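Here is what each chain is made of, one letter per residue.
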Amino acid sequence: MGVKRYEKRVPVDAIQFEGMDPNHINEIISFVQVPVMMDFTGGLNLRVIKSQLDVLVVPVGDYIVKDATGKQLIYMKKAAFEAEYELVG
């Protein structure tokens with residue numbers, strides 16, 4: 001039979017942090033359903049406050065991703081996200 005190549009396809013929902021536009025920030029808040037803050041330390045970052053001890057720090061251009069269950073939020077750098085996921089529609 002031989003070796004065959006397989007591809008893992010896991011659907012996720014994601015949003016790219018594009019900056020301080022109020023409409024975009026409202027979209028992010030609706031998506032993450034937890035508090036967010038702007039952080040200007042070392043550049044513009046979005047802080048997604050999952051809990052008191054669990055905060056995602058997302059620089060402009062990078063992604064906030066919900067896993068396939070829609071419950072777990074993770075941060076992914078733009079290059080890693082685009083290498084792993086393809087827009088489906």
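This write-up is about the structure you can find in this document. (Residues numbered from 1 in each chain as written. Predicted model: local features only at pLDDT ≥ 70, side-chain atom pairs only at ≥ 80, totals over all residues. Heavy atoms only, no water.)

1. Section: the overall build of the chain
Okay, step 1: In terms of helices and strands, the chain carries 2 helices and 6 strands.
Okay, step 2: For the chain, the α and β elements follow one another from N to C terminus as β-α-β-β-β-β-β-α.
Okay, step 3: Its C-alpha atoms give the chain principal-axis dimensions of about 55 × 25 × 25 Å.
Okay, step 4: Across the 89 residues in the chain, those meeting the buried criterion constitute 28%.
Okay, step 5: Here the contacts in the chain between residues at least 6 apart in sequence split such that 32% fall between residues at least 24 apart.
Okay, step 6: Within the structure as shown, the chain displays about 6600 Å² of accessible surface, and the carbon and sulfur contribution to it stands at 54%. (Helix = DSSP H or I, 4+ residues; strand = E, 2+ residues; numbered from the N terminus. Buried < 20%, exposed > 50% of the residue type's maximum accessible area, 1.4 Å probe, protein only. Contact = heavy atoms within 4.5 Å. Areas by Shrake-Rupley, 256 points an atom, 1.4 Å probe, with all protein chains shown as cover.)

2. Quick word on the pattern of salt bridges
Okay, step 1: Counting across every chain of the model gives 2 salt bridges.
Okay, step 2: The salt bridge partner of Asp 39 is Arg 47, with a shortest N-O separation of 3.7 Å.
Okay, step 3: Given the relative accessible area of 14%, Asp 39 is considered buried.
Okay, step 4: The class for Arg 47 is partly exposed, based on a relative accessible area of 27%.
Okay, step 5: Here Asp 54 and Lys 50 are joined by a salt bridge, their closest N and O atoms 3.4 Å apart.
Okay, step 6: Of the residues examined, Asp 54 reaches a relative accessible area of 32% and is grouped as partly exposed. (Salt bridge = Lys/Arg side-chain N within 4 Å of Asp/Glu carboxyl O.)

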